[in-house]
Amino acid sequence: MSLLDYFRSSKPDASSANLAKDRLQIIIAHERSLRDNTPDYLPQLKLDILEVIKKYVAVTSDQVHVKLDQRDNNLSVLELNVTLSEE
């Protein structure tokens with residue numbers, strides 16, 4: 001083994017870099033698939049609905065659940081569940 005071979009990249013380092021790159025691509029693809037299932041406006045819609053409900057009833061954000069279902073290419077169903085306390 002020469003002194004120059006010590007400073008050159010070896011196969012284990014290159015394969016670990018490729019493995020890290022592959023893992024990162026899988027994570028990014030997973031995040032994109034989660035984001036594609038829900039529209040970007042859904043979190044803001046939930047906050048807007050929460051603000052309107054707060055004008056009439058005391059609720060927190062964990063008591064309001066907003067869900068958008070794609071039933072068909074032309075049909076979307078917005079489901080809103082609000083848990084109200086007995087007070």
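Residues numbered from 1 in each chain as written. Predicted model: local features only at pLDDT ≥ 70, side-chain atom pairs only at ≥ 80, totals over all residues. Heavy atoms only, no water.

With respect to the overall build of the chain
Alright, step 1. Secondary structure summary: the chain contains three helices and two strands in total.
Alright, step 2. Counting helices and strands in the order they occur from the N terminus, the chain gives α-α-α-β-β.
Alright, step 3. Burial analysis of the chain (87 residues in total) assigns 11% to the buried set.
Alright, step 4. On the chain, roughly 7,900 Å² of surface is accessible, and the fraction owed to carbon and sulfur atoms is 54%. (Helix = DSSP H or I, 4+ residues; strand = E, 2+ residues; numbered from the N terminus. Buried < 20%, exposed > 50% of the residue type's maximum accessible area, 1.4 Å probe, protein only. Areas by Shrake-Rupley, 256 points an atom, 1.4 Å probe, with all protein chains shown as cover.)

Considerations on the confidence of the model for the chain
In low-pLDDT regions, the fine details of the predicted coordinates are not to be read closely.
Alright, step 1. On average, the chain scores 77 in pLDDT, and the residues at 70 or more come to 74%.
Alright, step 2. Taken element by element, the predicted model of the chain shows its lowest mean pLDDT in helix H1 (residues 3-7) (62) and its highest in strand E2 (residues 75-82) (87). (pLDDT = per-residue confidence, 0-100.)

Concerning a nonpolar patch on the surface
Alright, step 1. Together, Val52, Tyr56, Val57, Leu80, Val82 and Leu84 line one region of the surface with nonpolar side chains, adding up to about 560 Å² of accessible area.
Alright, step 2. Along the polypeptide, Tyr56 turns up in the loop between helix H3 (42-54) and strand E1 (64-72). (Patch = residues over 30% accessible without salt bridge, like charges linked within 9 Å, V, L, I, M, F, W, Y side chains within 5 Å. Salt bridge = Lys/Arg side-chain N within 4 Å of Asp/Glu carboxyl O.)

A few points about the environment of Lys67
Alright, step 1. As for its position among the elements, Lys67 is in strand E1.
Alright, step 2. Filtering out sequence-adjacent residues up to four positions away, Lys67 remains in contact with Val77, Leu78 and Glu79. (Contact = heavy atoms within 4.5 Å.)

What about the nonpolar core?
Alright, step 1. In terms of nonpolar packing, the biggest core is built from eight residues, these being Leu42, Ile49, Leu50, Ile53, Val59, Val64, Val66 and Leu68.
Alright, step 2. Of all elements in the fold, only H3 and E1 reach the threshold of two or more residues within this core.
Alright, step 3. Take this core: its biggest share by element is four residues, from H3. (Core = buried A, V, L, I, M, F, W, Y, C linked by side-chain atoms within 4.5 Å.)

As for the pairing of E1
Alright, step 1. With eight bridges connecting them, E1 and E2 associate as antiparallel partners. If you follow Asp69 over to E2, its bridge partner there is Val77.
Alright, step 2. Hairpin connection of E1 to E2: two residues between the antiparallel strands. (Pairing = 2+ DSSP bridges.)

Details of the side chain of Gln63
Alright, step 1. With respect to the element layout, Gln63 can be found in the loop between H3 and E1.
Alright, step 2. Only 2.7 Å separates the side chain of Gln63 from the backbone nitrogen of Thr60, close enough to count as a polar contact.
Alright, step 3. In this structure Gln63 touches Ala58, Asn81, Val82, Thr83 and Ser85, once residues within four positions along its chain are discounted. (Polar contact = N/O pair within 3.5 Å; in protein donor to acceptor, adjacent residues only side chain to side chain.)

Points about the environment of Leu84
Alright, step 1. With respect to the element layout, Leu84 can be found in the segment after E2.
Alright, step 2. Residues Leu84 and Gln63, spaced 21 residues apart in sequence, show a C-alpha to C-alpha distance of 7.3 Å.
Alright, step 3. Not counting the four nearest positions on each side in its chain, Leu84 is found in contact with Val57 and Val59.

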